[in-house]
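An overview of the molecular structure
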Amino acid sequence: MIQGEATVVKNAGSHYLLSKLPEWDVFPAVLRGKIRLKASEITNPVAVGDRVRFQREEDGSSTITGILPRKNYVIRRSTNLSRQAHIIAANIDMAYLIVSLYFPEVKLPFLDRILVTCEVYGIPATIVLSKTDLYREAAQQQIDAFRKIYEGAGYRVIETSVETGEGIADIREACRGGVNLFSGESGVGKSSLIKVLDPSLDPKIGQISAAHLQGKHTTSLYEMYPLSSGGYVIDSPGLRGFGLVDLEKEEIAKYFPEMLRVSAQCRFTPCTHTHEPGCAVKAAVEKGLIAPERYNSYLGMLEEDKKFR
Ligand SMILES: Nc1nc2c(ncn2[C@@H]2O[C@H](COP(=O)(O)OP(=O)(O)O)[C@@H](O)[C@H]2O)c(=O)[nH]1
Ligand SMILES: [Mg+2]
Ligand SMILES: [Zn+2]
């Protein structure tokens, strides 16, 4: 009997596919019935990206016998209020949040929410502005404004087009060596990017996932691909995959890096950065040091938070 450690690269429904990264040599394994979920609200015990212990049986089949501690993970809830959640992916080195300015049009408050979620989960995020070939000529100013907002907040922004090849070398370089999550609304070009990063791969392009349409819960859609240039990509269907996190009102601003940087100078602690006198965040917004779009997203999250309480 052989024992070893490997990484989950796909949930194939009845079984998982594992590989001993950095080697790409995929083999099936089933979950031993004994593995119980520690956190009872989590509905799946093992996710793509999980490092697991396995044991190879006499007949050549493999069994997952344990899960190694996670560096980080992303969960998804069926609704904002739902207690039940499942883990989408684990041990992510970088999340690439893929948005297009127009096709489909990015909604900044929505992107900001996803960024907050990444901050809460401790997952570094890079923003990818996709399909620039479709709107660069008509909207260079809007592209610059978008870049300014997010670089000002401290995020890297990479402009890409699979048509012109713009930004592809940058993404390939950034992905090298790590496990990268590609996340974005259906149609923003996640699968196309993976295909152009490594033409030997075969992600389905132009397909809206069934789960997205039905709003159904399934982890089997998340799959890891090895890039021939190095590193791994998890294609994830839909930004909505990132469930909202439950944050106390006073906590939300901590996950806006540019607000966190100045909030120590607020006169009051805690400060909601709304009505308090001597608020350093509001002062920074007024001076143009914090983008009003980001501040508005923050206010929106505060409001939303009120609704659920
Ligand atoms: N013009 C242009 N079209 C793109 C680009 N990337 C993707 N598309 C198209 O956008 C549609 C959705 O792409 P897909 O990769 O399936 O998006 P996904 O749902 O995020 O995986 C397809 O018709 C692609 O051909 C791009 O950079 N430029
Ligand atoms: Mg896709
Ligand atoms: Zn304040």
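Residues numbered from 1 in each chain as written. Chains lettered and ligands numbered in written order. Predicted model: local features only at pLDDT ≥ 70, side-chain atom pairs only at ≥ 80, totals over all residues.

1. Here we look at the overall build of the protein
A count of helical and extended segments in the protein gives eight helices and 13 strands. By the burial criterion, 37% of the 309 residues in the protein qualify as buried. For the protein, the proportion of contacts with a sequence separation of at least 24, taken over those separated by at least 6, is 64%. (Helix = DSSP H or I, 4+ residues; strand = E, 2+ residues; numbered from the N terminus. Buried ≥ 20, exposed ≤ 12 C-beta atoms within 10 Å, placed from the backbone. Contact = placed C-beta atoms within 7 Å.)

2. Observations concerning the site of ligand 1
Taken together, the neighbourhood of ligand 1 is formed by 17 residues, with Lys131, Gly189, Lys190, Ser191 and Ser192 sitting nearest. The element best represented in the shell around ligand 1 is helix H4 (residues 190-197), accounting for three residues. Of the residues that constitute the shell around ligand 1, the class distribution is four nonpolar, nine polar and four charged. (Near = placed C-beta within 6 Å. Nonpolar A, V, L, I, M, F, W, Y, C, P; charged D, E, K, R; others polar.)

3. Some points on the packing of helix H3 (residues 168-175) against H4
The contact between H3 and H4 brings their axes to 10 Å, and the two run at 80°. As judged from the angle between their axes, H3 and H4 are roughly perpendicular. Residues Ile168, Ile171 and Arg172 of H3 form the contact with H4, whose participating residues are Leu193, Val196 and Leu197. Partitioning the contact of H3 with H4 into residue classes produces five nonpolar, no polar and one charged. (Axes fitted to C-alpha atoms, helices over the stretch in contact; angles between N-to-C directions. Parallel < 35°, antiparallel > 145°, perpendicular 65-115°, else oblique.)

4. With respect to H4
Here H4 lies mainly inside the structure; six of its eight residues are buried. Taken together, the buried positions of H4 are Lys190, Ser191, Ser192, Leu193, Ile194 and Leu197.

5. Let's talk about the environment of alanine 90
Position of alanine 90 among the secondary structure elements: in strand E7 (residues 85-90). Contacts of alanine 90, omitting those with residues within four sequence positions, involve Ala47, Gly49, Asp50, Arg70 and Tyr73.

6. Considering the pairing of strand E1 (residues 2-11)
Side-chain positions along a regular strand alternate between the two faces of the sheet. Judged from the six bridges that link them, E1 and strand E4 (residues 51-56) form a sheet pairing that is antiparallel. Bridge assignment links alanine 6 to a residue of E4, and that residue is valine 52. As paired elements, E1 and strand E2 (residues 16-19) share four bridges and run antiparallel to each other. Within E2, the residue paired with valine 8 across the bridge is leucine 18. (Pairing = 2+ DSSP bridges.)

7. Remarks on the nonpolar core
Counting residues in hydrophobic clusters, the biggest one holds 73 residues, and the most contacted among them are Ala89, Leu97, Ile234 and Val281. The residues contacting isoleucine 234, other than those within four sequence positions of it, are Val48, Gly49, Ala89, Val179, Leu181, Phe182, Tyr222, Glu223 and Met224. (Core = buried A, V, L, I, M, F, W, Y, C linked by C-beta atoms within 7 Å.)

8. Thoughts on the environment of arginine 76
Along the chain, arginine 76 falls in strand E6 (residues 73-77). Put simply, arginine 76 and isoleucine 87 are eleven residues apart on the chain and 6.4 Å apart in space, counted from C-alpha to C-alpha.

9. Some words on the environment of glutamate 251
Along the chain, glutamate 251 turns up in the loop between strand E13 (232-237) and helix H6 (257-263). Between the alpha carbons of glutamate 251 and cysteine 271 there is a distance of 9.8 Å; along the sequence they are 20 residues apart.

10. Digging into the pairing of strand E10 (residues 156-159)
Where strand E9 (residues 125-130) meets E10, four bridges bridge the pair, whose relative direction is parallel. Note on E10: the bridge partner recorded for valine 128 is isoleucine 158. On the question of chirality, the crossover connecting E9 to the parallel E10 by way of helix H2 (residues 136-153) is right-handed. (Right-handed = clockwise from strand over helix to strand, strands pointing away.)

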